[in-house]
Amino acid sequence: MKKIFNTTFSLPFFFTIFFLEMPAIKNQDTIPPECQVTKWDLPTALKTENSKNVPVLVQRLPVGCCEKDASCLDARIYGSEQEEIGDKKALIKSIDQSLKYLRTRRAAAAYQRYKISGITRDRVYRSLQRFRQLVLSTNSPQELQTAIEKEFVYYQSIGRDSQGTVLFTAYYEPLYLASRKPTKEFKYPVYRLPPDLKSWTRPHPTRLELEGADGLQGSQSKLKGLELFWFKDRFEPYIIQIQGSARLKLTDGTVTSIGYAGNTAHNYKSLGRTLVEAGKLPENGVTMPTIFEYFQKNPQDLNVYLPRNNSFVFFRETYGRSAHGSVGVPLTPERSIATDKSLMPPGALALIRAPFPFVNNNGELENRTVSRFVLDQDTGGAIKGAGRVDYYLGTGDIAGDRAGVTVSNGQLFYLLLK
């Protein structure tokens, strides 16, 4: 990624939730016209102009695969010409994490509140168990798809338009250099969860009131004494707040990690949208490079526009453990998603289909439409409604580069036993 402020970083979820135009990348889809997206849409008989007339998830039969449409099948499980390394073990591990969650009291309480008729914790649990058996016993995506069409039904999201259209973005776990102690070089902190946060009066203090315009005034606010780690770059603690976790290489050579611990009761406001509203960037054509370039030329504006996001996130040290989702289990790269948990079944098995960026043999990013079986294990402040999914891509620069250019329309289905 491009270097800025003497550090390297990516802006995945942070950028893609701007809903602005992304840079064009090569498209390698070779789906025959007769196999393309139409049949993946919400069936015409189930479409409505008024989403209040239907639940957010609509039952339908599985989508039959066109013989020439390789993107219909999840080849990543077994490995293929394009997916050289299969991840069957990783998928099984992610399924096991969801099964573990579904056995908890927390899951029982969540499903007692869940409103979609027919989707219960017991049915979700049994569906995952059976799908796990099928993944282990099958040797090809075609064999798995045949079993799914025989034994499962789909519940399709009505999307953001009541027509089945779902907007996909992606997120990742950044890797940054940090210090346990403040120095002249490392002076921008992230903070622990205030032990008395529940007693704070509302509305909670804003970002500006908590850390000042320059991000250095936390010791003059309710944040005094809550500093957890320090960073060189003003942007890095901000990015971590958007991502929800980070892996840290410390100045003493050790490695650790931090994870989400809580937040103030303010809605998130994206930086990209703020810059557009301020007339600093045009509505069309805003990309990561244009945002980087703007702050390279106008570094003083960080103190103007970062504080306009009133939301503030707190962290705890997680000592190197994997990034965890909102249901309390580790996330699996390319097998975990975040959705609006007030609408979607937590821990459930889902199928997503959309164009995503991949690194080709020339080291370039190219879009490829794929189908992926995933587990719904996380949520996010900007992931609201039936038409939003955030796709977890893992840790480090490559994951960040891919996440930073992930923004596409596709479909979301949940798989449940008949």
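None of the values given here were measured: they were computed from a predicted structure.

Conventions we followed
- Residues numbered from 1 in each chain as written.
- Predicted model: local features only at pLDDT ≥ 70, side-chain atom pairs only at ≥ 80, totals over all residues.
- Heavy atoms only, no water.
- Buried < 20%, exposed > 50% of the residue type's maximum accessible area, 1.4 Å probe, protein only.
- Helix = DSSP H or I, 4+ residues; strand = E, 2+ residues; numbered from the N terminus.
- Axes fitted to C-alpha atoms, helices over the stretch in contact; angles between N-to-C directions.
- Parallel < 35°, antiparallel > 145°, perpendicular 65-115°, else oblique.
- Left-handed = near helix turned anticlockwise from the far one by under 90°.
- Contact = heavy atoms within 4.5 Å.
- Polar contact = N/O pair within 3.5 Å; in protein donor to acceptor, adjacent residues only side chain to side chain.
- Salt bridge = Lys/Arg side-chain N within 4 Å of Asp/Glu carboxyl O.
- Phe/Tyr/Trp six-rings, centres within 6.5 Å; stacked < 30°, edge-to-face > 60°.

Caption draft 1: The arrangement of helix α7 (residues 235–243) in detail. The buried count for α7 comes to nine of nine residues, which makes it a mostly enclosed element. Of the positions making up α7, those classed as buried are Phe235, Glu236, Pro237, Tyr238, Ile239, Ile240, Gln241, Ile242 and Gln243. Directly beyond the C-terminal end of α7, a positive phi value near 95° is found at glycine 244.

Caption draft 2: How the structure looks around the environment of arginine 126. Mapped onto the elements of the fold, arginine 126 is located in helix α4 (residues 121–137). Sequence-wise, arginine 126 and leucine 416 are 290 residues apart; in three dimensions their C-alpha atoms are separated by 8.4 Å.

Caption draft 3: Spotlight on the packing of helix α2 (residues 88–102) against α4. Running from N to C, α2 and α4 cross one another at 160°; their axes reach a closest spacing of 10 Å. By the criterion of interaxial angle, the relationship of α2 to α4 is roughly antiparallel. In the packing of α2 onto α4, the handedness of the crossing is left-handed. Every residue of α4 that contacts α2 at Lys88, Leu91, Ile92, Ile95, Asp96, Ser98, Leu99 and Leu102 is listed here: Arg121, Val124, Tyr125, Leu128, Gln129, Phe131, Arg132, Val135 and Leu136.

Caption draft 4: Representation of the environment of proline 307 in the model. Mapped onto the elements, proline 307 comes out in the loop between α10 (302–305) and β12 (313–317). Its relative accessible area of 8% is what places proline 307 among the buried residues. Setting aside its immediate chain neighbours within four residues, proline 307 contacts Arg207, Leu208, Ala213, Arg234 and Leu302.

Caption draft 5: Local environment of the side chain of glutamate 334. Structurally, glutamate 334 is set in the loop between β12 and β13 (336–338). Owing to a relative accessible area of 7%, glutamate 334 belongs among the buried residues under this scheme. At 2.8 Å, the side chain of glutamate 334 and the side chain of arginine 402 are in polar contact. In this structure, glutamate 334 is in contact with Arg76, Phe358, Arg372, Val374, Tyr391, Tyr392, Leu393 and Arg402, ignoring residues within four places of it in sequence.

Caption draft 6: Highlighting the pattern of salt bridges. This structure, assessed with the given rule, holds 19 salt bridges. For arginine 76, the salt bridge identified is with aspartate 87, shortest N-O distance 3.3 Å. Of the two residues, arginine 76 is situated in the loop between β4 (57–60) and α2 and aspartate 87 in the loop between β4 and α2; the sequence distance between them amounts to eleven residues. Aspartate 87 shares its class with arginine 76; the two are buried. For the salt bridge of glutamate 317 with arginine 180, the shortest nitrogen-to-oxygen distance reads 2.8 Å. Residue glutamate 317 is located in strand β12, and its partner arginine 180 is located in the loop between β7 (175–178) and β8 (188–191); the two are separated by 137 residues in the primary sequence. Given the relative accessible area of 13%, glutamate 317 is considered buried. Put simply, Asp74, Arg76, Asp87, Glu334, Arg335, Arg372 and Arg402 are held in one network by salt bridges that share partners.

Caption draft 7: Quick peek at the packing of aromatic side chains. On inspection of all chains with the given rule, the structure shows 14 aromatic pairs. Seen from their ring centres, tyrosine 154 and phenylalanine 413 are 5.2 Å apart, and the 45° between their planes marks the pair as tilted. Residue tyrosine 154 is located in strand β5 (residues 152–157), and its partner phenylalanine 413 is located in strand β17 (residues 407–417); the two are separated by 259 residues in the primary sequence. Each ring, one from tyrosine 171 and one from tyrosine 392, has its centre 5.3 Å from the other, and the planes form 55°; the classification is tilted. Placement of tyrosine 171 in strand β6 (residues 166–173) and of tyrosine 392 in strand β16 (residues 388–395) is noted, with a sequence separation of 221 residues between them.

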